[in-house]
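# Coordinate analysis (summary)
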Amino acid sequence: MKAKYHRQQAWKLMHDNWGVMALTTLVLFLILAACGVLSYYPRFPYFSAFALVAAVTAGPFLLGYNTLALNIMRYRDAKIEGLFEGFRNFLRAFLLCLINGLLVLLWTLLLIVPGIIKSLSYSMSYFILADNPHMSSNDARKLSAQIMHGNKARLFRLHLSFLGWWILCILTLGILFLWIIPYHRAAVASFYHGLTVRPQTSYSYS
């Protein structure tokens, strides 16, 4: 299925969820932005603690946000409190964010292109962990790499197909990001769904 199909699926299923997902995106942005700003203000007595909070909570928030995108693709209601669902699986989400981030950073330091490739390889990790909450973070990362084998170029084209939307977001001083970010996540969730519903394909963790 081409990028256009996933965009159309996401657009159709976002119909009743634009408002709640825009609000959820705003809440997430405000939380992380507040932690980020305070962590860079040396005179604030607890600035280092806020930097730690931002780093530690990034994984659970990403898990919650991606879970919301999956819920939309599965005709389930998206609720703002779903953003915090990732904290139910805090340790695995934190480790997944930490390990993925470190590996992508190391590959990026080697060369930019390998870093992008690894980022695409691990891009399904949070969806996999959302579907398999008892799976280890390492297994979620490995399984993401397996199902993305031979599919990275397709996902990259899906990302590129949103380029016009990202430019439009900048022209609106970032306001449109509140709607385009969840739209993009829903499209990627559709991509994930397309990879995992194929009955002829099986994957192992080895």
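Relevant structure appears above.
Residues numbered from 1 in each chain as written. Predicted model: local features only at pLDDT ≥ 70, side-chain atom pairs only at ≥ 80, totals over all residues. Heavy atoms only, no water.

### What about the overall build of the protein chain?
Within the protein chain, the secondary structure is distributed over 10 helices and 0 strands. Each helix and strand of the protein chain, ordered N terminal to C terminal, gives the series α-α-α-α-α-α-α-α-α-α. Considering the protein chain as a whole, with its 206 residues, one finds that 38% of them fall into the buried category. Element-wise, carbon and sulfur atoms account for 69% of the exposed surface of the protein chain, whose accessible area totals about 11,500 Å². (Helix = DSSP H or I, 4+ residues; strand = E, 2+ residues; numbered from the N terminus. Buried < 20%, exposed > 50% of the residue type's maximum accessible area, 1.4 Å probe, protein only. Areas by Shrake-Rupley, 256 points an atom, 1.4 Å probe, with all protein chains shown as cover.)

### Digging into the pattern of salt bridges
Counted by the stated rule, this structure contains 2 salt bridges. R74 is paired through a salt bridge with D131; the nearest N and O atoms lie 2.7 Å apart. Pair noted here: R74 is in the loop between α3 (47-73) and α4 (90-110) and D131 is in helix α6 (residues 125-131), with a separation of 57 residues, a long-range link. Classification of D131 as partly exposed rests on a relative accessible area of 30%. Across the pair E85 and R88 runs a salt bridge, and its minimum N-O distance is 2.9 Å. The partly exposed category is assigned to E85, whose relative accessible area is 37%. Classification of R88 as exposed rests on a relative accessible area of 71%. (Salt bridge = Lys/Arg side-chain N within 4 Å of Asp/Glu carboxyl O.)

### What to know about unusual backbone geometry
Of note in this structure, Y75 is not a glycine but carries a positive phi near 60°. Position of Y75 relative to the elements: it lies in the loop between α3 and α4. If you check the backbone angles, L173 has positive phi at about 60° while not being a glycine. Position of L173 among the secondary structure elements: in the loop between α9 (163-171) and α10 (177-196). Judged by its relative accessible area of 78%, L173 falls in the exposed class.

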